[in-house]
Amino acid sequence: MRQVIETDGFDEIRTTESEAMSLYRDLVRARRFDERALSLQRQGWMSSYPQFRGQEASQIGAAHALRTEDWLVPTYRSNAFQIARGVPMSDILLFRRGYSEFQSGHDRPVFPQAVPIATQIPHAVGLGMAADFRDDDRVICSYFGDGATSEGDFHEACNFAGVFEAPVIFFCENNGWAISRPADQQTAAATIAQKATAYGFEGERVDGNDPIAVKQAVEAAVERAREGSPTLIESLTYRQGAHSTSDDPSRYEHAQEPLPEWRTADPVDRFERYLRDAGVLDDEQIETINDDAEAELRRAVERAEATERPGPDAVFESVYDQLPGRLAEQRAWLHAHLDAHGSPEFDY
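Here is what the cut-offs are and how they apply
Residues numbered from 1 in each chain as written. Predicted model: local features only at pLDDT ≥ 70, side-chain atom pairs only at ≥ 80, totals over all residues. Heavy atoms only, no water. Pairing = 2+ DSSP bridges. Helix = DSSP H or I, 4+ residues; strand = E, 2+ residues; numbered from the N terminus. Right-handed = clockwise from strand over helix to strand, strands pointing away. Axes fitted to C-alpha atoms, helices over the stretch in contact; angles between N-to-C directions. Parallel < 35°, antiparallel > 145°, perpendicular 65-115°, else oblique. Left-handed = near helix turned anticlockwise from the far one by under 90°. Contact = heavy atoms within 4.5 Å. Nonpolar A, V, L, I, M, F, W, Y, C, P; charged D, E, K, R; others polar. Expected span 1.5 Å × (residues − 1). Polar contact = N/O pair within 3.5 Å; in protein donor to acceptor, adjacent residues only side chain to side chain. Buried < 20%, exposed > 50% of the residue type's maximum accessible area, 1.4 Å probe, protein only. Phe/Tyr/Trp six-rings, centres within 6.5 Å; stacked < 30°, edge-to-face > 60°. Core = buried A, V, L, I, M, F, W, Y, C linked by side-chain atoms within 4.5 Å.

A few words on the pairing of strand 6 (residues 202–207). Looking at chain direction, strand 6 and strand 7 (residues 231–236) are connected through 6 bridges and run parallel. In the strand pairing of strand 7, Arg205 is matched with Glu234. At this point the chain moves from strand 6, through helix 7 (residues 211–226), to the parallel strand 7, and the crossover so formed is right-handed.

Given below as structure tokens:
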């Protein structure tokens, strides 16, 4: 397993000071976003929210390893990854309030979030194959959880990637749970990384609470991808919160075997201690970074609340280039229904 931050004390900083501070800044931004989003959901501001607390270092480290033009193909729990890739916080909040994604119209290479498990992984391979056919050296990073590796989509995508040498990184964030099922109850394999062997490419495990190690692992995978060799990275981290705001982990958390401390430790606190010991970070910087994150969040919430509510036609837009007859009929029915009964009122 790749690991940079020692578990038994400080050795030496293994990256540049500027990169270390950039990683820390994004860790704090992601943590503050997750805390605020959970609070907003509990207030009824949005209907549901999937926390990623505990997984920030995994996602931030991977995001920092990609070039600006490389693609991210995310899932619903990849908000830290998207924030570090430049997706505005207001866009993510609006998506959770029922709006279509990317309300800001940003042009960053990030696919829409996939909510069904593993369906985005074949899409990522197709995108990688298209880039290869066009002699485009972009790399595609497909993000998913450990539960996705039990779906057929994962295996079909890996097979295609291996056969066609697609420039794809399969980034599996193993947070210990597939909803309520621990990893050892959903696969008999000793590791998820070793599944790559069956498809003819490399697999690697990395300490997912160590952002420097994750960054290094993904950087190496990016170089291999450009040469036509995919990689499966298993980032070992831990989901500190519930699967979603409708979940109660106290009903099943007893089913998991004890995990090592490095895996369950808080990644933000761990990296902060690491940087303090290195003399890179002090109290004044921490306060400034937290204040900046809070100000960014305030602006994001204000933008989200100021965004005009979409009309009923929005559900039919961006589906087909030319609206099929059956959807045109449904749209006509909806308009007739609203004319007769009026628009429903919502709290948000």
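Turning our eyes to something else, we now look at the packing of helix 1 (residues 17–42) against helix 10 (residues 283–306). With their axes 9 Å apart at the nearest point, helix 1 and helix 10 run at an angle of 45° to one another. With respect to helix 10, the element helix 1 is oriented oblique. Where helix 1 crosses over helix 10, the handedness of that crossing is right-handed. For the pair formed by helix 1 and helix 10, the contact residues are Met21, Tyr24, Arg25, Val28, Arg29, Arg32, Phe33, Arg36 and Leu40 on the first element and Gln285, Ile286, Ile289, Asn290, Ala293, Glu294, Glu296, Leu297, Arg298 and Val301 on the second. Here the residues of the contact of helix 1 with helix 10 sort into 10 nonpolar, 2 polar and 7 charged.

Another point: the environment of Ile233. Within the fold, Ile233 resides in strand 7. Note: C-alpha distance between Ile233 and Glu202 (31 residues apart in sequence) is 8.5 Å. When near neighbours in sequence (up to four residues on either side) are disregarded, Ile233 contacts Ile169, Phe170, Phe171, Cys172, Glu204, Val206, Ala217, Val218 and Ala221.

With 24 residues, helix 10 should reach 34 Å at 1.5 Å per residue; the first-to-last C-alpha distance of 35 Å fits that figure. Contacts from the buried residues of helix 10 go to helix 1, helix 4 (89–96) and helix 9 (267–277). The N-cap residue of helix 10 is Asp282: its side-chain oxygen and the backbone nitrogen of Glu284 are 3.2 Å apart.

A word on the environment of Arg226. Along the chain, the position of Arg226 falls in helix 7. C-alpha of Arg226 to C-alpha of Glu305: the two residues are 79 residues apart in sequence and 42 Å apart in space. Those residues in contact with Arg226 that sit more than four places away from it in its chain are Arg67, Asp137 and Val139. Among the polar contacts listed, one links the side chain of Arg226 to the side chain of Glu223, at a separation of 2.4 Å.

Let's shift gears to the side chain of Asn175. Mapped onto the fold, Asn175 is located in the loop between strand 3 (168–174) and strand 4 (177–178). Among the polar contacts made by the side chain of Asn175, one reaches the side chain of Gln55 at a distance of 3.0 Å. In this structure, Asn175 is in contact with Gln55, Arg77, Asp146, Thr237, Tyr238, Arg239 and Arg263, ignoring residues within four places of it in sequence.

What follows is about unusual backbone geometry. Positive phi is not limited to glycine here, since Ala118 has a value of about 75°. On the basis of relative accessible area, Ala118 is assigned to the buried category, the value being 2%. Backbone geometry at Ser318 places phi at a positive 60°, although glycine is not the residue there. Along the polypeptide, Ser318 turns up in the loop between helix 10 and helix 11 (325–341).

Moving on: helix 2 (residues 56–65). Since the α-helix packs 3.6 residues into each turn, any two residues three or four apart lie on the same face. Most of helix 2 sits inside the fold, with 10 of its 10 residues counted as buried. When we look at burial in helix 2, the residues that qualify are Glu56, Ala57, Ser58, Gln59, Ile60, Gly61, Ala62, Ala63, His64 and Ala65.

A separate point is the packing of aromatic side chains. Any two aromatic rings considered together are summarised by their centre-to-centre distance and by the angle between their planes. The final tally for this structure, using the stated rule, is 10 aromatic pairs. Here Trp71 and Phe111 contribute two aromatic rings whose centre-to-centre distance is 5.4 Å and whose plane-to-plane angle is 85°, an arrangement assigned as edge-to-face. Of this pair, Trp71 sits in strand 1 (residues 71–73) while Phe111 sits in the loop between helix 4 and helix 5 (120–133), placing them 40 residues apart in sequence. Measuring from ring centre to ring centre gives 5.0 Å for Trp177 and Tyr252, while their planes differ by 65°; the resulting arrangement is edge-to-face. Taken together, the residues span a long stretch of sequence, with Trp177 in strand 4 and Tyr252 in the loop between strand 7 and helix 8 (261–264) at a distance of 75 residues. Considered together, Trp177 and Tyr252 belong to a single accessibility category, that of buried residues.

Attention now goes to the pairing of strand 2 (residues 140–145). Across the 6 residues of strand 2, 5 count as buried, placing the element largely inside the fold. When strand 1 meets strand 2, the two strands line up parallel, connected through 3 bridges. The residue of strand 2 that forms the bridge with Trp71 is Ile140. In this view, the connection linking strand 2 to its parallel neighbour strand 3 by way of helix 6 (residues 152–164) has right-handed handedness.

Ranked by internal contacts, the top residues of the largest apolar core, which has 62 residues, are Phe33, Phe81, Leu93, Phe171, Val218 and Phe271. With 10 residues, the top contributor of residues to this core is helix 1. Those residues within four positions of Val218 in sequence are excluded, and the remaining contacts are Ala62, Ala65, Leu66, Ile169, Phe171 and Ile233. Counting residues in each nonpolar core, the second largest holds 23 residues, with Val73, Ile121, Ala196 and Tyr199 among its members.

The geometry of helix 1 relative to helix 9 is characterised by a closest axis approach of 10 Å and an angle of 150° between their N-to-C directions. In this view, helix 1 runs roughly antiparallel relative to helix 9, as classed from their interaxial angle. Of the two elements, helix 1 crosses helix 9, and the hand of that crossing is left-handed. Packed against helix 1, whose contacting residues are Ala20, Leu23, Tyr24, Leu27 and Arg31, the element helix 9 presents Pro267, Val268, Phe271, Glu272 and Leu275 at the interface. Its residues assigned to classes, the contact of helix 1 with helix 9 shows 8 nonpolar, no polar and 2 charged.

Any link to function would need more than the numbers given here.
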